[in-house]
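What follows is each chain in one-letter form.
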Amino acid sequence: MADPKGFMTTPRQEWPRRPVGERVRDWDEVYVPGALLPIISKQADRCMDCGVPFCHDACPLGNLIPEWNDLVSREDWRAASDRLHATNNFPEFTGRLCPAPCEAGCVLAINQPAVTIKNVECAVADRAWAEGFTPPRPPERLSGRTVAVIGSGPTGLAAAQQLTRAGHTVAVFERDDRPGGLMRYGIPAFKMEKHHLERRLEQMRAEGTKFRTSTAVGRDVGAGELRARYDAVVIATGATAWRELPVPGRELSGIHQAMEYLPLANRVCEGDIEASPLSAAGRHVVIVGGGDTGADCLGTAVREGAASVTQLDIYAQPEEERDEDSEPWPTYPKIYRLSAAHQEAGELRTAPAADADARLFAASTLRFTGDAEGRVRWLHLVEVDAARRPRPGTERRLPAGLVLLALGFTGPDRADGLVDQLGLDLTPRGTVARDAGFATNVPGVFAAGDAARGQSLIVWAIAEGRAVAAAVDRHLTGSSSLPAPIGPYDRPMTV
Ligand SMILES: Cc1cc2nc3c(=O)[nH]c(=O)nc-3n(C[C@H](O)[C@H](O)[C@H](O)COP(=O)(O)OP(=O)(O)OC[C@H]3O[C@@H](n4cnc5c(N)ncnc54)[C@H](O)[C@@H]3O)c2cc1C
Ligand code: SF4
């Protein structure tokens, strides 16, 4: 670190967001372009060389955070990029999308605001692209071995890049028309513009990875055929089977799953369609589900010009500060967080019926009622206590012209037949069963990412992609020098 007293003299400063009134009129990222680089070296200098960096352990990728903080504080961007890419294939994704458990574990965060680790990561990644520090790295020699990766989300992409660089011939099969998984058609552009994804895909193609899009394995190509044609198969198909809300009135029109709604908005941004057939424009929108997917629906509905938006969360509003007894440092605490979308909804007062940031906490949906044409008109709710028991006398209704269900995901989507065709064992939770070496019950077939661990995070997906690549490389060649993050991968989700 250039200044050993940086953590005492420099206050935490985050990448500023654009004014709400400006950013809700477009789909660009919410941050002020160009405003990160001028502040970031001083921010990296706040890293105090604590000696036992819990941030490093809190990051599922084992990112070498103190090392690149030091290099950034000295403005040695090339070396910082090398250290960052040593553990993370796609830091421009995590630098924008990760919830940053590392910051919850920062030693400075014991009694001061944490180092802005995620912002430093993003700055290093963006600078590396701008300066040309990340050229394609095709292998020097081919191994003559072939791998089919099924699914092109962050898990499949990380696995494919590692295996390609190790010299194997890799084809990525993707049922959508473009690669990227949930980063393509789930996550809105205002959180991560898609050109970041395109740039990585271009790099991967230049390294030799082949992409077979619009090809659902199980439907367009037999899973058994793929297994026979390739030396190894990696299942990275995600966990996109959504959870339902079985209450009266669910059959009314105008009630949709979040992942029916978000991809259409993303397709408008991609230029595939002019307007979303499910657009929120002029409608009263209620989002059922208090998580990040719900927040993405919220930001999207605001940009589409909804008449009002309310997000329902069945849990009580969390405290602003961590509870030191139940969630002590360095764990990732469940505290009140205001995402960019909540900030927008709050400032624009889009939801007069809800709290200031458009969320209604401790609210449970009872039923929907509609009009004579079978369209949803009202969502009826009741407030609940911590045990989800209704509080008498709190029943009320919200106007609802569009209802979006964001209740989480139950496991891999089985409609394509891939699981059955291969005869894959599943866990009691419905995810693909695999052993500690990522191997499924079918020889030569491996599983990683959300398909195996359940709906999770991009940082975990990249970590699993890197780790499964090392396991496949060992399977094909008897040993592997590919680095893999140290699990345990069955660690329960804390973030
Ligand atoms: C709306 C939304 C927002 C999110 N926001 C964030 C965020 O901000 N930060 C974060 O860390 N995490 C976020 N997540 C979670 C994160 O996106 C996932 O954990 C991550 O994408 C999982 O990666 P994956 O590669 O395992 O699966 P996925 O990204 O789901 O990719 C799986 C791919 O496999 C393809 N596929 C499936 N079956 C087949 C088949 N039979 N043949 C061919 N292809 C197939 C799918 O089409 C898909 O492209 C979000 C999730 C959602 C739903
Ligand atoms: S990937 Fe996430 S946890 Fe790891 S350093 Fe980056 S922001 Fe922190």
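### Let's talk about the environment of A232
Right, on to step 1. For A232, the location among the structural elements is in strand β4 (residues 232–235).
Right, on to step 2. For A232 and V147, which are 85 residues apart along the polypeptide, the C-alpha to C-alpha distance reads 4.9 Å.
Right, on to step 3. Here A232 is in contact with T146, V147, A148, G444, V472, H475 and L476, once residues within four sequence places are set aside.

### Focus: the packing of helix α5 (residues 65–73) against helix α6 (residues 77–85)
Describing two packed helices takes the angle between their axes plus the distance from one axis to the other.
Right, on to step 1. Look at α5 against α6: their axes get within 8 Å of each other, and the N-to-C directions meet at 165 degrees. Taken as axis vectors, α5 and α6 run roughly antiparallel relative to one another. For the crossing formed where α5 meets α6, the hand is left-handed. Together, E67, W68, L71 and V72 of α5 and W77, A79, A80, R83 and L84 of α6 make up the contact between the two elements.

### A few points about helix α3 (residues 37–44)
Right, on to step 1. Taken as a whole, α3 has its buried residues at I39, I40, S41, Q43 and A44.
Right, on to step 2. Turning to α3, the residues buried within the fold contact α5, α6 and α9 (117–131).

### A short note on the site of ligand 2
Right, on to step 1. The environment of ligand 2 is made up of C59, N63, I65, T94, C98, A100, P101, C102, I117, K118, E121 and V459.
Right, on to step 2. Mapped onto the shell around ligand 2, the elements with two or more residues apiece are α8 (101–104) and α9.
Right, on to step 3. For the shell around ligand 2, the element with the highest residue contribution is α9, accounting for three residues.

### Looking at the nonpolar core
Right, on to step 1. In terms of nonpolar packing, the biggest core is built from 74 residues, with V72, V147, L157, M183, V468 and V472 touching the most fellow members.
Right, on to step 2. Of all the elements, helix α19 (residues 458–477) adds the most residues to this core, at 12 residues.
Right, on to step 3. Looking at which domains feed residues into this core, each of domain 1 (6–131) and domain 2 (146–241 + 410–477) supplies at least three.
Right, on to step 4. Beyond its immediate sequence surroundings of up to four residues, M183 is in contact with F93, P154, L157, M192, K194, L197 and I458.
Right, on to step 5. L262, V285, L298 and A301 belong to the second largest nonpolar core, which has 23 residues in total.

### Quick look at the side chain of E193
Right, on to step 1. Here E193 is to be found in the loop between α11 (182–185) and α12 (195–207).
Right, on to step 2. Buried and unpaired, E193 has no salt bridge, with R18 as the nearest side chain of opposite charge at 6.2 Å.
Right, on to step 3. For E193, the contacting residues outside a window of four places in its chain are D28 and E29.

### Brief notes about the domain arrangement of the protein
Right, on to step 1. Each domain of the protein was delimited in the assignment, giving domain 1 (6–131), domain 2 (146–241 + 410–477) and domain 3 (246–407).
Right, on to step 2. Here the C-alpha centre of domain 3 lies 31 Å away from the C-alpha centre of domain 2.
Right, on to step 3. Together domain 2 and domain 3 conceal approximately 1,000 Å² of surface at their shared face, both sides included; 49% is due to carbon and sulfur atoms.
Right, on to step 4. Among the residues of domain 2 in contact with domain 3, R178, Y185 and F190 are the three that bury the most area, contributing 52% of the side total.
Right, on to step 5. Scanning the region where domain 2 abuts domain 3 turns up five salt bridges.
Right, on to step 6. Note that D177 and R267 form a salt bridge whose closest N and O atoms lie 3.1 Å from each other.

Each value, and the rule that gives it
Residues numbered from 1 in each chain as written. Chains lettered and ligands numbered in written order. Predicted model: local features only at pLDDT ≥ 70, side-chain atom pairs only at ≥ 80, totals over all residues. Heavy atoms only, no water. Helix = DSSP H or I, 4+ residues; strand = E, 2+ residues; numbered from the N terminus. Contact = heavy atoms within 4.5 Å. Axes fitted to C-alpha atoms, helices over the stretch in contact; angles between N-to-C directions. Parallel < 35°, antiparallel > 145°, perpendicular 65-115°, else oblique. Left-handed = near helix turned anticlockwise from the far one by under 90°. Buried < 20%, exposed > 50% of the residue type's maximum accessible area, 1.4 Å probe, protein only. Near = heavy atom within 4 Å. Core = buried A, V, L, I, M, F, W, Y, C linked by side-chain atoms within 4.5 Å. Domains from an automatic or database assignment. Lys, Arg positive; Asp, Glu negative; His and termini not counted. Salt bridge = Lys/Arg side-chain N within 4 Å of Asp/Glu carboxyl O. Buried area = accessible area lost by both parts, 1.4 Å probe.

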